[in-house]
Amino acid sequence: VLVRYNVSWVPPPARGLKSLGDSFPNLRVEYVDLLDRVGEVSRFRWRNVGRVLWIAVSTGVVRVPLAVMLCSSTLVFRWDPASARGCTLVRHTESVDLLSSLKSG
């Protein structure tokens, strides 16, 4: 059995933006994938803070970065009539697919 899933979270430095969006009813939080800027180096600048606030006020949207990991689990079962459930899990492997794709370029 192959199970694919993703795990997502707002990185700690961006939690303030999420709180800002949640605090005001006229602001909508829009999540953007961090992979959109995977090759860029970001630096703190007050000008960028001003730009984020201006966009929030003028559009009603706060863009919040979201980290997403794509994962999969492979489960191998064996038929076992002695088991109460009829089968037994014999192997379980996990992989983080996103890391593999980043390493390969």
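Structure's up top.
Residues numbered from 1 in each chain as written. Predicted model: local features only at pLDDT ≥ 70, side-chain atom pairs only at ≥ 80, totals over all residues. Heavy atoms only, no water.

Let us now look at the pattern of salt bridges. All chains considered together, the criterion is met by 3 salt bridges. The residue Lys 18 makes a salt bridge to Asp 22 at a minimum N-O spacing of 2.6 Å. With Lys 18 and Asp 22 both in helix 1 (residues 15-23), this residue pair falls 4 residues apart, about one helical turn. Each of Arg 28, Glu 30 and Arg 63 takes part in one network of salt bridges that share partners. (Salt bridge = Lys/Arg side-chain N within 4 Å of Asp/Glu carboxyl O. Helix = DSSP H or I, 4+ residues; strand = E, 2+ residues; numbered from the N terminus.)

The subject of this paragraph is the environment of Ser 95. Examined against the element boundaries, Ser 95 turns out to sit in strand 4 (residues 87-96). For Ser 95, a relative accessible area of 31% gives the class partly exposed. Put simply, Ser 95 and Ser 73 are 22 residues apart on the chain and 6.5 Å apart in space, counted from C-alpha to C-alpha. For Ser 95, the side chain forms a polar contact with the side chain of Ser 72, separated by 2.8 Å. (Buried < 20%, exposed > 50% of the residue type's maximum accessible area, 1.4 Å probe, protein only. Polar contact = N/O pair within 3.5 Å; in protein donor to acceptor, adjacent residues only side chain to side chain.)

Mapped onto the elements, Val 10 comes out in the loop between strand 1 (2-9) and helix 1. When near neighbours in sequence (up to four residues on either side) are disregarded, Val 10 contacts Arg 15, Lys 18, Tyr 31, Val 64, Pro 65 and Leu 66. (Contact = heavy atoms within 4.5 Å.)

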